[in-house]
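Working through the structure, step by step
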Amino acid sequence: MAADGEKQQGHRAGIYKQKNKEHKHGKHRTKGEMGRENKGRVSVVTLTKKQRKELRKMDRRHKANQLRRNKKDMVLTEKRRLGSRDGPPHLVAVVSLHAAVDAGAVTKLLRGEGAGGVVHHEQCVSGIADSFGLILPRFKQRFIFLSQSTADIHSLLDVAKIADSLVFVLDSAEAWDSYGEYCLSCLFAQGLPSHALVCQGVADIPVKKRVESRRALSKVIDVRFPDTRLFTLDTEQDASLLLRHLGAQRQRKLGFRSRRSHLLAQQVTFTPNSPPEGTAGGPTGLGTLRVSGYVRGRPLRVDRLVHISGHGDFQLSQIDAPSDPLPLNLTAARPAKPRKGRDVDMMDGGEDEAPVRVLMKADPSSRESLQAEAEVDPMDGEQTWPTESELLEAEEARKNKRVMKVPKGTSDYQASWIVDEDEENDDVDEESSDDDDDDDDNMMDEAMDRDEEEDTQGPGSCASDEEDDEEEEQEELCSTERAGADQRYDDHMDEEAEEEGLKVYREARSHEMFPDEVDTPRDVAARIRFQRYRGLKSFRSSPWDPMENLPLNYSRIFQFQSYERTRRRILAEAAAEEDGAMDGWYVTLHVVDVPSSVMESVQSGRPLVLVSLLPHEQKMSVMHVLVQRHTSNTEPIKSKEELVFHCGFRRFRASPIFSQHTSADKHKMERFLRPDAPTVVSVYAPITFPPAGVLLFKQRSDGIQDLVATGSLLSCDPRRVMLKRIVLSGHPFKINRRSAVVRYMFFSRDDIMWFKPVELRTKWGRRGHIKEALGTHGHMKCVFDSQLRSQDTVLMNLYKRVYPRWTYDPYVPLSLPWVKKEVTVDMNDLDME
């Protein structure tokens, strides 16, 4: 029995006994076995978050290195291309900054054979006698040197806009004179390209004094050109070192010329247009100008407009490819290679000349238009007689018009909000519509009851007529009482003393007036004299519609929906263009309908600079320029005074207005150009896409033009609101606790009532408003936020919107040499008061 019990108990325990997983003997592999099995396979590696971060960091670092390497390669390519066989010759302008130095001596030394070069072409720049082309076979480079006189500042600036390098010739004693400082100010404000400093006459200085002289000269030079090497140019070896430096130095990039194709004329011919058939007479004064030179910057397209600095915008008819007059390989001169996919015509160049290839001809249908102003239709604002269809529609609308009875005294605006039963059923449920119908019925019943009561009063006794009569009687009574009060107030006023007090008040304040403070005229009503002005509660937050009461000139200009977006798009498209005459090609441009004055300017010795315009850059608009007044100018510059503008490649005359540079939607006009703060100059001018440097000149009566201000192009925005402010002032005659009687601001009761809604302020910071007029001589009772002081002055600010004058003229006359002005003051003429 015991044995059987133990077996039974062991059987029960075996059911609930824990059973572990058996160990798989011989199934584990060593690392060597695993390596042999996975040999040649790439296993999936699970990266941690830290490892991914490190990889992203390395990717960013590699990408930055690639961008840096590509940028460096691009800069080196552009640097090596300039002056090489595939690029344009290195254009170098020699400028003397002192009257005692001669730039011709520098160009003469560079012509010498000891410099290692070969002069291949004399007078290679049209209009400049001292110019030549230099080829350096040893350096595999070619240069064009020209000596530009500083007598005409506009020609100097035009050459500096297109030159690759400038060579400044300095005096060994004082570097530059006052006029040289003036030229440097203009060049730095416009944008200075790569440059080199040259000094002659160092060999004539005694050996013991050369170190001291060089140290003194370097001290003067560091003010304008810090860390710039000074080259001595007395021997041919010095000339060779200068040429090597010019060919290897880093080129400074100017934004306004790197985005546009430009060209310096080397050969210019003019062919007058023949008169039209069937007409008698000589030439029309216009003709075709053929300009030959090297294309620089972006590719030049024949369907784009070109701008000739100082003369205007013109169209191209075709582009030719003559032989290169300055080939690096002296054995042969290669014409420019046409691009694939373009038709090429051959033209005979004469017996001694190589044939000329026609690269491209302009298509009249796709050529850019010369339209600068929008077409103005004077009948756009006229109201025309309606057509028959419009009259029929109006008649149908009148017949279908629903007549609804409304309570008496309800205006048209209030009646439009009263809805009937049909309209209610479309918007609300039945219960709400029933309630509304009951309310409408009750309202209509009450209105009909009132009408019946009014009808029972008999003819001629309408309540509205009685109310109108009562109002007229009350107005007559009030006007009679007012006239009596004004008469009593005027009886206690001494008019002679009032006139004498006004005279003394204005004489005492003649030297204390604010720049915007004006006197109210006595002979003209203030509401007529200042009818174009309005008051503003807050200059910062009060609204002003920019499309309100625009002048007629605004119908002639163009406006962008988004100027910044258009600028980015056009500049991106220009950077991606690869169609046209490429950089470095020697081409001949056929410019049509050019006046003969352009050729006369070239024959007088002025350089000719052409630049290809971007789309829309020939159209007129309102341009805004941010400028800072130049320190050398001390004369006052009034708003709307004619100035000469250098804006990028453009040069023109215009009459701008000045305004403050703020971020608000309204800007206060400045009467004069401020010397202590940046000022926004607004002018009617052709559209130009920034970046572009701007220089402002003022022409004196003797023909000399002074530099007034320098800055940069800001934007193109005709919606910019510029407000002119005037301040009317009054004197507190009687002062009470919170009110005061003010006089001398107005001189009639009607003027006071006209300007009553405008807020008042004082010079001590009090604010108030006009309460009522006292008498008929301009006295008024005003209420302020606190008591006034006896020496305080009551002011009223009035504003009106102003616009520039339309005086744009692309022709700028020749400027005479600049002369430093010396001002002499006689002490006896000074007012010691």
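Residues numbered from 1 in each chain as written. Predicted model: local features only at pLDDT ≥ 70, side-chain atom pairs only at ≥ 80, totals over all residues. Heavy atoms only, no water.

On to the overall build of the chain, then. In terms of regular secondary structure, the chain is built from 19 helices and 32 strands. Out of the 833 residues belonging to the chain, those deemed buried represent 41%. Partitioning the contacts of the chain with sequence separation of at least 6, the portion at a separation of at least 24 is 76%. Carbon and sulfur atoms make up 49% of the accessible area of the chain, which amounts to about 49100 Å² in all. (Helix = DSSP H or I, 4+ residues; strand = E, 2+ residues; numbered from the N terminus. Buried < 20%, exposed > 50% of the residue type's maximum accessible area, 1.4 Å probe, protein only. Contact = heavy atoms within 4.5 Å. Areas by Shrake-Rupley, 256 points an atom, 1.4 Å probe, with all protein chains shown as cover.)

This part covers the packing of helix α5 (residues 153–162) against helix α6 (residues 178–190). Running from N to C, α5 and α6 point in directions that differ by 40 degrees, and their axes come no closer than 11 Å. Taken together, the axes of α5 and α6 are oblique relative to one another. Handedness of the crossing formed by α5 with α6: right-handed. Every residue of α6 that contacts α5 at Ile 153, Leu 156, Leu 157, Ala 160 and Lys 161 is listed here: Tyr 182, Cys 183, Cys 186, Leu 187 and Gln 190. When the residues that make up the contact of α5 with α6 are grouped by side-chain class, the tally is 8 nonpolar, 1 polar and 1 charged. (Axes fitted to C-alpha atoms, helices over the stretch in contact; angles between N-to-C directions. Parallel < 35°, antiparallel > 145°, perpendicular 65-115°, else oblique. Left-handed = near helix turned anticlockwise from the far one by under 90°. Nonpolar A, V, L, I, M, F, W, Y, C, P; charged D, E, K, R; others polar.)

Next up on the list: the nonpolar core. Counting 79 residues, the largest nonpolar core has Phe 168, Phe 645 and Leu 696 as the members making the most contacts within it. Residues contacting Phe 645, with those up to four places away along its chain left out, are Arg 650, Arg 651, Phe 652, Ala 654, Pro 656, Val 681, Val 683, Val 694, Leu 695 and Leu 696. (Core = buried A, V, L, I, M, F, W, Y, C linked by side-chain atoms within 4.5 Å.)

Below, the discussion takes up empty space enclosed by the protein. Here the structure, examined in full by the defined rule, presents 8 cavities of 30 Å³ or more. As a volume, the largest cavity reaches approximately 100 Å³. Lining the largest cavity we find His 154, Ser 155, Asp 158, Ser 309, Gly 310, His 311, Ser 601, Arg 606, Pro 607, Leu 608, Val 609 and Arg 651. For the lining of the largest cavity, the leading source of residues is α5, giving 3 residues. (1 Å grid on protein atoms, 1.4 Å probe; cavity = no way out; pocket = protein on both sides within 12 Å on 5 of 7 lines; lining within 4 Å. Points joined across faces, edges and corners; volume = space filled by probe spheres on them.)

What follows concerns the packing of aromatic side chains. On inspection of all chains with the given rule, the structure shows 19 aromatic pairs. A centroid spacing of 6.4 Å and a plane angle of 80 degrees characterise the contact between Tyr 554 and Tyr 684, whose relative ring orientation is edge-to-face. Of this pair, Tyr 554 sits in the loop between α16 (526–529) and α17 (563–576) while Tyr 684 sits in strand β23 (residues 679–686), and the two are 130 residues apart along the sequence. Residue classification places Tyr 554 among the buried positions, given a relative accessible area of 13%. Members of the aromatic cluster, joined through ring pairs, are Phe 168, Trp 176, Phe 188 and Phe 225. The ring of Trp 544 has Arg 534 lying over it, and the distance from NZ or CZ to the ring centre is 4.0 Å. (Phe/Tyr/Trp six-rings, centres within 6.5 Å; stacked < 30°, edge-to-face > 60°. Lys NZ or Arg CZ within 6 Å of the ring centre and 35° of its normal.)

Moving on to the pattern of salt bridges. Under the defined criterion, the tally for this structure stands at 31 salt bridges. The residue Arg 296 makes a salt bridge to Asp 164 at a minimum N-O spacing of 2.9 Å. Of this pair, Arg 296 sits in the loop between β10 (286–294) and β11 (306–308) while Asp 164 sits in the loop between α5 and β5 (165–170), placing them 132 residues apart in sequence. On the basis of relative accessibility, which here comes to 6%, the residue Arg 296 falls in the buried class. When its relative accessible area of 10% is taken as the criterion, Asp 164 is described as buried. (Salt bridge = Lys/Arg side-chain N within 4 Å of Asp/Glu carboxyl O.)

Now for the side chain of Ser 96. Mapped onto the elements, Ser 96 comes out in strand β1 (residues 90–96). Among residues more than four places away in sequence, those in contact with Ser 96 are Val 101, Ala 103, Thr 150 and Val 169.

A word on unusual backbone geometry. Glycine aside, the phi torsion of most residues is negative, and most peptide linkages are trans. Across the junction of Pro 690 and Pro 691, the peptide omega takes the value 10 degrees, indicating a cis bond. With respect to the element layout, Pro 691 can be found in the loop between β23 and β24 (693–699). Positive phi is not limited to glycine here, since His 616 has a value of about 75 degrees. Secondary-structure assignment places His 616 in the loop between β17 (609–612) and β18 (620–629). Residue classification places His 616 among the partly exposed residues on the basis of a relative accessible area of 23%. Phi at Tyr 744 is positive, roughly 75 degrees, even though this residue is not glycine. Topologically, Tyr 744 is positioned in the loop between β27 (739–743) and α19 (749–754). Assessed through its relative accessible area of 5%, Tyr 744 is described here as buried.

Looking now at the state of the cysteines. Taken as a whole and judged by the stated rule, the model has 0 disulfides. Here Cys 183 stays free of any disulfide, with the sulfur of Cys 186 as its closest cysteine sulfur at 6.5 Å. (Disulfide = S-S within 2.5 Å.)

Its place among the elements puts Glu 670 in strand β22 (residues 666–670). For Glu 670, a relative accessible area of 11% translates into the label buried. Here the side chain of Glu 670 touches Gln 660 through a polar contact of 3.0 Å, side chain to side chain. With sequence-adjacent residues up to four places away left out, Glu 670 is seen in contact with Ser 639, Phe 658, Ser 659 and Gln 660. (Polar contact = N/O pair within 3.5 Å; in protein donor to acceptor, adjacent residues only side chain to side chain.)

Looking now at the pairing of β18. Counting buried positions over the 10 residues of β18 gives 8, a clear majority of the element. Sheet topology note: the β18/β23 ladder contains 8 bridges and is antiparallel. Pairing of Leu 626 across the sheet is with Val 680, part of β23. Note that β18 and strand β25 (residues 705–716) share 7 bridges and pair antiparallel. For Arg 629, the partnering residue across the bridge sits in β25 and is Ala 709. (Pairing = 2+ DSSP bridges.)

The subject of this paragraph is the layout of surface pockets. Summary: where empty space remains is shown by rolling a probe the size of a single water molecule over the atoms. The calculated volume of the largest pocket comes to roughly 1100 Å³. Lining the largest pocket are 30 residues, and of these Glu 78, Lys 253, Ser 258, Gly 297 and Asp 583 lie nearest its centre. Elements that contribute at least two residues to the lining of the largest pocket include exactly α3 (49–81), α9 (255–258) and α17. For the lining of the largest pocket, the element with the most residues is α3, which contributes 7 residues. Broken down by class, the residue content of the lining of the largest pocket amounts to 11 nonpolar, 5 polar and 14 charged.

Across the chain, the average pLDDT comes to 79, with 75% of residues at or above 70. The model gives residues 339–344 a pLDDT under 50, and that stretch makes 12 contacts with residues more than four places away or in other chains. (pLDDT = per-residue confidence, 0-100.)

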